[in-house]
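Here is how the chains run, residue by residue.
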Amino acid sequence: MLQTGIKGSQEMVVTTEDTAKVYKSGTLDVLATPRMAALMEETAWKSIAGDLDEGMGTVGIRLQLDHLAPTPIGMKVYCESVLEKVDGRKLAFSVTAKDEKGEIGKAYHERFIVEEEKFQRKAEQKK
């Protein structure tokens, strides 16, 4: 059973492939907001994945994100999530991201627990 307070952490080094220029979210060689969002989601889902029953996973359903400061190529980024609320199958996380100079982002993130095969079948039916 999932309990509030579960923490997760991930880190990455910003590469050319992680930039706003590559993600087409801007023209600069800095960490792209969509890439930071992906790191935040990854940190959250991985933090609780091992506590789920076999065949169960989570999908993101909400992300409120503030990108507070730029991070250049070559700098390390650290991300931490905390499971703040469990409401049935709905999970709420607070997530922060920092680079070597300080905080660069914060987010409120919700995920929903799903049966993976059933969810995938439902998605495939859209074809």
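This text gives an overview of the structure that appears in the document. The structure presented is a predicted model; accordingly, all values stated were derived computationally and were not measured.

Looking at a positive patch on the surface
Together, Arg 89, Lys 118, Arg 121, Lys 122 and Lys 126 make up a region of like positive charge exposed at the surface. Within the secondary structure layout, Arg 121 lies in helix α3 (residues 116-124).

What to know about helix α2 (residues 33-49)
Taking 1.5 Å as the rise per residue, α2 with 17 residues should run 24 Å; its terminal C-alpha atoms sit 24 Å apart, in good agreement. By the burial criterion, the buried members of α2 are Arg 35, Met 36, Ala 37, Leu 39, Met 40, Thr 43, Ala 44, Ser 47 and Ile 48. Where α2 is buried, its residues contact β1 (7-13), α1 (20-23), β2 (56-67), β3 (76-87), β4 (90-99) and β5 (102-115).

Quick look at the nonpolar core
The biggest cluster of nonpolar side chains holds 21 residues, and the ones touching the most others in it are Leu 2, Ile 48 and Val 77. At the level of elements, α2, β3, β4 and β5 are the ones that each hand at least two residues to this core. At five residues, α2 tops the list of elements feeding residues into this core. Leaving out residues up to four positions away in the same chain, Val 77 has contacts with Gln 10, Glu 11, Met 12, Val 14, Leu 31, Leu 39, Thr 71, Ala 97, Lys 98, Asp 99 and Ile 104.

Details of the pairing of β4
The two faces of the sheet receive side chains in turn, since in a regular strand these alternate between them. Relative to β4, β3 is paired through ten bridges, and the arrangement is antiparallel. Opposite Tyr 78, over in β4, you have Lys 98 as the bridge partner. Where β3 hands over to β4, the hairpin turn is made up of two residues, of which Gly 88 adopts a positive phi near 65°. Relative to β5, β4 is paired through ten bridges, and the arrangement is antiparallel. When the sheet's bridge partners are listed, Val 95 is paired in β5 with Ala 107. Between β4 and the antiparallel strand that follows it, β5, lie two residues.

A look at the side chain of Thr 71
Checked against the element boundaries, Thr 71 lands in the loop between β2 and β3. Among the polar contacts listed, one links the side chain of Thr 71 to the side chain of Asp 99, at a separation of 2.9 Å. Aside from chain neighbours lying at most four places away, what touches Thr 71 is Val 14, Val 30, Leu 31, Val 77, Asp 99 and Ile 104.

Remarks on the pattern of salt bridges
Within this structure, the stated rule accounts for seven salt bridges. The partner of Arg 35 in a salt bridge is Asp 18, with the nearest N and O atoms 3.0 Å apart. Highlighted residues: Arg 35 in helix α2 and Asp 18 in the loop between β1 and α1, separated in sequence by 17 residues. Here the two residues Arg 35 and Asp 18 agree in accessibility, since each one is buried. Lys 46 is the partner of Glu 42 in a salt bridge, and the nearest nitrogen-oxygen pair spans 2.7 Å.

Scoring rules and cut-offs
Residues numbered from 1 in each chain as written. Predicted model: local features only at pLDDT ≥ 70, side-chain atom pairs only at ≥ 80, totals over all residues. Heavy atoms only, no water. Patch = residues over 30% accessible without salt bridge, like charges linked within 9 Å, V, L, I, M, F, W, Y side chains within 5 Å. Areas by Shrake-Rupley, 256 points an atom, 1.4 Å probe, with all protein chains shown as cover. Salt bridge = Lys/Arg side-chain N within 4 Å of Asp/Glu carboxyl O. Lys, Arg positive; Asp, Glu negative; His and termini not counted. Charge placed at Lys NZ, Arg CZ, Asp CG, Glu CD. Helix = DSSP H or I, 4+ residues; strand = E, 2+ residues; numbered from the N terminus. Expected span 1.5 Å × (residues − 1). Buried < 20%, exposed > 50% of the residue type's maximum accessible area, 1.4 Å probe, protein only. Contact = heavy atoms within 4.5 Å. Core = buried A, V, L, I, M, F, W, Y, C linked by side-chain atoms within 4.5 Å. Pairing = 2+ DSSP bridges. Polar contact = N/O pair within 3.5 Å; in protein donor to acceptor, adjacent residues only side chain to side chain.

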